[in-house]
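# Close look at the chain arrangement
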Amino acid sequence: MEYDERLALFRQTHLNPFDRGEEEDHLEGGKTSGAHAGFCDPISLFLEAKPELFSGPKTHNSDRTMDLGLAEDHFSRPVGSFVASDIEQLKQAIGECKKLILELPEHSERQKDTVVKLIHLRLKLQELKDPEEDEPNLRVILEHRFSKEKSKSVKQTCDKCSAIIWGLIQTWYTCTGCYYRCHSKCMNLITKPCVRSKVSHQSEYELSICPEIGLDRQDYRCAECRTPISLRGVPTEARQCDYTGQYYCSTCHWNDTAIVPARVIHNWEFEPRKVCRSSLRYLALMMSRPVLKLKEINPLLFNFVEELVEIKKLRQDILLMKPYFLTCKEAMEARLLLQLQDRQHFVENDDMYSLQDLIDISSGRLSCSLTEIHTIFAKHIKLDCERCQAKGFVCELCKEGDILFPFDSHTSVCQDCSAVFHRDCYYDNSTTCPRCARMTERKQDDEPYEKGAEHQK
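As the structure is a computational prediction, the values presented were derived from the model and not from experiment.

Let's shift gears to the overall build of the chain. A count of helices and strands for the chain gives 18 helices and 14 strands. When burial is assessed residue by residue, the chain has 39% of its 457 residues classed as buried. Residue pairs at least 24 apart in sequence account for 59% of intrachain contacts in the chain once pairs closer than 6 positions are excluded. Element-wise, carbon and sulfur atoms account for 50% of the exposed surface of the chain, whose accessible area totals about 26,600 Å².

In structure tokens:
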């Protein structure tokens, strides 16, 4: 029988090498071998029952294969073999498995089987390193609010040690504020404070493009954990963060990429750049915060980006529509303003932007969604609601045409009294605003009565 056929037959009756008890009784009839000073594993018992499956001329590699678990499980206690029941011996077994994998023919069945064994050994090692224990569901460290995770299948990476989190056998936590993830065993080693506290206390961006100060100014150490670094990679590679301009080690900088606000505001550039882990979290938390006042930071941007001018006009119109909704019972019941709940600052001002706003403007998504909302608002005021229609204006200069609203594209609004006129009529008129003139005349007529009342007092 060829080796592949023998191995296929072996795998059909293969049992989990970590299971004990019933399988052993089934294979050996409840009896243990006299050569074992403890319990036996299913693989060893199966090979003893059917030695012909792996019979044949022995080579150096085959002997080592048998030693690594195909003939003797490292969790049994055969005479003359080392006992892989503690961490050091498991590490030795893992090292032997690695060497054997490199020596065996590539893509061979023996190599694949040894890889499976290596995985089992590593899982057992990780289990011994991080045994299950009763952990609190909530822990607070350096303003992090860590919540114990229950997910066992999602693959995550520890932000402290950069190792994979094996959810099936390891306890791990996630910060509810900045989404920092780490093993339970790494929590006492955390030195980075929660980024959300920085967002709460200092909600502003670094607006200089990659403000580098030089590796020598950092004393050739990581800007965060102070690990020695160099550009040559000895002892650790120095990686620059495009947001802060500083250099970090490979533990604090994983070559993640993010859109840098300074490059967007000054160059209208949205290409993701490499940033460190703390900058990545900070930018993610700041993404939807309206902290960018483009008029003051870079007013020339409106001259070169037409989409910004369009969005600004739509936002100004929405602010003019807002008073209609606040005094309309139907609009309040329909909760029309809640259509902008994801961008609450759009109903508060027209000059503050978030980084997410600028990204959506560049992609065209914001223009489409805001135009649709603008249409719904205008339809309610001009067509659907009689109360809102009654609050319209008639041009007092020409006294012709339909009812006017301040958000119409062909109208102009008096800055003093908020009266609405046709744009052509307003700019062609050489006199002052009729409404302002009436208000001034009325005020002058009321002055003698006010003086007389004060004299009587």
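The next thing to look at is the pairing of strand 2 (residues 144-148). Inspection of the sheet shows strand 1 (residues 138-141) paired to strand 2 by four bridges, in the antiparallel sense. When the bridges of strand 2 are listed, R139 appears paired with F146. Linking two consecutive strands that pair antiparallel, namely strand 1 and strand 2, is a turn of two residues; a positive phi of about 50° is found at L142 within it. Taken together, the three bridges between strand 2 and strand 5 (residues 172-175) define a ladder with antiparallel strand orientation. Bridge pairing in strand 5 places S147 opposite T174.

Let us now look at the environment of V413. Among the structural elements, V413 can be located in strand 13 (residues 411-413). Between the alpha carbons of V413 and Y426 there is a distance of 8.6 Å; along the sequence they are 13 residues apart. Setting aside chain neighbours within four positions, we find V413 in contact with P406, S418, A419, V420 and Y426.

With that settled, consider a nonpolar patch on the surface. Among the surface-exposed residues, V115, I119, L123, I164 and W166 lie close enough to one another that they form a single nonpolar patch of about 390 Å² accessible area. For the nonpolar patch, the leading source of residues is helix 6 (residues 109-129), giving three residues.

The share of residues in the chain with pLDDT of 70 or more is 75%, and the mean pLDDT across the chain is 78. The least confident element of the chain is helix 3 (residues 42-49), whose mean pLDDT is 39; the most confident is strand 10 (residues 273-275), at 96.

A word on the pattern of salt bridges. Here the structure, examined in full by the defined rule, presents 19 salt bridges. As a salt-bridge pair, D242 and R263 come within 2.8 Å of each other at their nearest N and O atoms. Separated by 21 residues along the polypeptide, D242 in the loop between strand 7 (239-240) and strand 8 (247-248) and R263 in helix 8 (residues 261-267) bring together distant segments of the chain. Judged by relative accessible area, which is 12%, R263 ranks as buried. The partner of K382 in a salt bridge is D408, with the nearest N and O atoms 3.0 Å apart.

The rules behind each value
Numbers given for residues are sequential positions, taken from 1 along each chain in its written order. Local features in a predicted model are, by the rule used here, given only for residues with pLDDT of at least 70; side-chain atom pairs are given and counted only at 80 or more, and totals for whole chains, interfaces and linings are based on all residues. No hydrogens and no water enter the side-chain calculation; it runs on all heavy atoms of the structure. Put simply, DSSP marks the helices as runs of H or I at least four residues long and the strands as runs of E at least two long, and each gets a number from the N terminus on. Buried residues are those whose accessible area, probed at 1.4 Å on protein chains only, stays under 20% of the maximum for their type, while exposed residues exceed 50% and partly exposed ones sit between those limits. Every residue pair with non-hydrogen atoms within 4.5 Å of one another is taken to be in contact. Computed by Shrake-Rupley with a 1.4 Å probe, the accessible areas treat only the displayed protein chains as cover when residues are assessed. Whether two strands pair comes down to DSSP finding at least two bridges between them. Patch criteria: residues need more than 30% relative accessible area and no salt bridge. Like-charged residues are merged within 9 Å; nonpolar side chains of Val, Leu, Ile, Met, Phe, Trp and Tyr are merged within 5 Å. The working definition used for a salt bridge is a side-chain nitrogen of Lys or Arg within 4 Å of a carboxyl oxygen of Asp or Glu. Every residue is assigned a pLDDT by the predictor, reflecting its confidence on a scale from 0 to 100.

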